[in-house]
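Read off the chains here:
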Amino acid sequence: MKKNIWKCILAISLGFALVNCGGAPKKTIQEETPAGLPRLCVQGTQLMNAEGDTVVLHGVSYGWHQYWPRFYNDSTVAYFVNDWKAQVLRASMGVDLDSACYVSRPEHGIECVTKVVDAAIKNNVYAIIDWHSHHLLLEEAKGFFTQMATRYKGVPNVIYEIYNEPVDDSWTDLKAYSVEIIKTIRAIEPDAVILVGCPHWDQDINLPAEDPITGYQNIMYTVHFYAATHGQWLRDRTDDALSKGLPVFISECAGMEASGDGPIHPQEWQAWLDWMQQRKLSWVAWSISDKDETCSMLYPSAASTGYWPDADIKEWGRIVRDELRGR
């Protein structure tokens, strides 16, 4: 009996020692997630929460991480959430193209993405992890999404976009790739929403509408538009896909031409806004960057930490900010 008492005293003492010496385990991402943000799911063509309410998200996309890493930080996330009223933030990790991209510097890509996603979790909004590529890289994508799904398993804030804008890939090849990445994520994270790209810069939404991925839940398909280039024909094509039961998420959009440059087309931008609102489609505006082009929302004078005066925000940035605030 005495021996058992001393064992208990020793165990308690060791527990206090571990706490006092920093030996207690660090909190997981799940434990640090604020309460109250509902898990998302897909019902029919709609994004919904676990309570059965339709969810329509509006937000902004960070530019390619290798070119504008300075904006990938806690401070800009807090600013977009609290000042611009963004409900979703898209971390666009540039996969290939140059010496600073993910395949060349994977640690840098992961660091940028997780800074934004972790901050979005702390600020109680949703985050899209975007595999921002125009080329099909299956093994690299499987490795990356294995890491992300492991890190964020069970966290309701995270959405996975598994291929930004396929260009020349056929839907047959793209579908096979998408199934492999979905399998990879689902082996770890069974519930998170996954966004699947479609051919020709996410404009050929008609192809997955005719031949959708089956056997998996909580899958949506992405459409991207630039209002001065993509007009009623793409809305009609997307309407047809929706009528066939295909869930759609507008994960990238802007008001100028598809090059990202040229004048903003306010009438077509408004037509898209009205159309998305009527169909309860979520959208994310491109992009948080300071390139000399219309779609980059900031001037080079903009501080890396957000909280910008109007003089640092371009016309497109002010249009998006005002639209988000109004919603």
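Keep in mind that this is a model prediction, so the values were computed, not measured.

Rules and cut-offs
- Residues numbered from 1 in each chain as written.
- Predicted model: local features only at pLDDT ≥ 70, side-chain atom pairs only at ≥ 80, totals over all residues.
- Heavy atoms only, no water.
- Helix = DSSP H or I, 4+ residues; strand = E, 2+ residues; numbered from the N terminus.
- Buried < 20%, exposed > 50% of the residue type's maximum accessible area, 1.4 Å probe, protein only.
- Contact = heavy atoms within 4.5 Å.
- Areas by Shrake-Rupley, 256 points an atom, 1.4 Å probe, with all protein chains shown as cover.
- Pairing = 2+ DSSP bridges.
- Lys, Arg positive; Asp, Glu negative; His and termini not counted.
- Salt bridge = Lys/Arg side-chain N within 4 Å of Asp/Glu carboxyl O.
- Polar contact = N/O pair within 3.5 Å; in protein donor to acceptor, adjacent residues only side chain to side chain.
- Axes fitted to C-alpha atoms, helices over the stretch in contact; angles between N-to-C directions.
- Phe/Tyr/Trp six-rings, centres within 6.5 Å; stacked < 30°, edge-to-face > 60°.
- Core = buried A, V, L, I, M, F, W, Y, C linked by side-chain atoms within 4.5 Å.

**Student:** Go over the overall build of the chain with me, naming the residues and quoting the values.
**Tutor:** When its secondary structure is counted, the chain shows eleven helices and ten strands. Among the 327 residues that make up the chain, the fraction classed as buried is 54%. Within the chain, residue pairs in contact and separated by at least 24 positions form 75% of the contacts whose partners lie at least 6 positions apart. For the chain, the accessible area works out to roughly 14,000 Å², and carbon and sulfur atoms hold 54% of it.

**Student:** Run through the pairing of strand β5 (residues 126–132), naming residues and quoting values.
**Tutor:** Here β5 lies mainly inside the structure; seven of its seven residues are buried. Burial along β5 is two-sided: the face carrying Tyr 126, Ile 128, Asp 130 and His 132 and the face carrying Ala 127, Ile 129 and Trp 131 are both buried. In this structure, strand β4 (residues 88–94) lies alongside β5, joined through seven bridges in parallel fashion. Bridge pairing in β5 links Arg 90 to Ile 128. Sheet topology places β5 next to strand β6 (residues 158–161); four bridges connect them, and they run parallel. Paired with Ile 129 across the strands is Tyr 160, a residue of β6.

**Student:** Quick one: what's the story with the side chain of Lys 314, residue by residue and with numbers?
**Tutor:** Along the polypeptide, Lys 314 turns up in the loop between β10 (283–288) and α11 (315–326). Of the side chains with opposite charge, Asp 292 lies nearest to the buried Lys 314, which makes no salt bridge, at 5.1 Å. Looking at Lys 314, its side chain comes within polar contact range of the main-chain oxygen of Ser 296, at 3.4 Å. Other than its neighbours up to four places away in sequence, Lys 314 contacts Lys 291, Asp 292, Glu 293, Ser 296, Met 297, Leu 298 and Tyr 299.

**Student:** Break down the sheet that holds β10 for me, citing the residues and quoting the values.
**Tutor:** Pairing in this closed barrel of eight strands is parallel, and the strands run β3-β4-β5-β6-β7-β8-β9-β10 around the ring. On average, each strand axis in the sheet is inclined to that of its neighbour by 30°, with strand direction left out of account.

**Student:** Outline the environment of Trp 308, listing residues and values.
**Tutor:** In this structure, Trp 308 sits in the loop between β10 and α11. Taking the relative accessible area as the measure of exposure, Trp 308 reaches 6% and is therefore buried. Separated by ten residues in the primary sequence, Trp 308 and Leu 298 place their C-alpha atoms 9.0 Å from one another. Residues within four places of Trp 308 in sequence aside, it is in contact with Phe 71, Thr 76, Tyr 79, Phe 80, Trp 84, Leu 298, Ala 302, Ala 303 and Ile 313.

**Student:** An account of the packing of aromatic side chains is requested, with residue identities and associated values reported.
**Tutor:** Evaluated as defined, the whole model comprises 24 aromatic pairs. Here Phe 225 and Trp 272 contribute two aromatic rings whose centre-to-centre distance is 3.8 Å and whose plane-to-plane angle is 5°, an arrangement assigned as stacked. A residue pair is termed long-range when its members are at least 10 positions apart, and Phe 225 in strand β8 (residues 219–226) and Trp 272 in helix α10 (residues 266–279) qualify at 47 residues. Of the two residues examined, Phe 225 and Trp 272, each falls in the buried class. Note on Trp 272 and Trp 275: the rings are 5.3 Å apart at their centroids and 80° apart in plane angle, and the pair reads as edge-to-face.

**Student:** Provide a residue-level description of the nonpolar core, including the pertinent values.
**Tutor:** Formed by 90 residues in total, the largest nonpolar core has its most connected members in Phe 80, Trp 84, Ile 129, Phe 145 and Tyr 160. For this core, the leading source of residues is helix α4 (residues 106–122), giving eight residues. Residues in contact with Phe 80, not counting those within four places in the same chain, are Val 60, Tyr 62, Lys 85, Ala 86, Leu 89, Ile 288 and Trp 308. Residues Leu 40, Tyr 126, Ile 128 and Met 220 belong to the second largest nonpolar core, which totals 15 residues.

**Student:** Can you explain the side chain of Asn 73? Please cite residues and give values.
**Tutor:** Tracing the chain through its elements places Asn 73 in the loop between β3 (58–62) and α3 (74–84). Residue Asn 73 is classed as buried on the basis of its relative accessible area of 15%. Contacts of Asn 73, omitting those with residues within four sequence positions, involve Tyr 62, Val 116, Ser 304 and Thr 305.

**Student:** Summarise unusual backbone geometry; cite the residues concerned and give the values.
**Tutor:** With an omega of -5°, the peptide bond running from Trp 286 to Ser 287 counts as cis. Following the sequence through the fold, Ser 287 ends up in strand β10. Positive phi is not limited to glycine here, since Asp 202 has a value of about 65°. By secondary structure assignment, the location of Asp 202 is in helix α7 (residues 199–202). For Tyr 307, which is not a glycine, the phi torsion comes out positive at approximately 55°.

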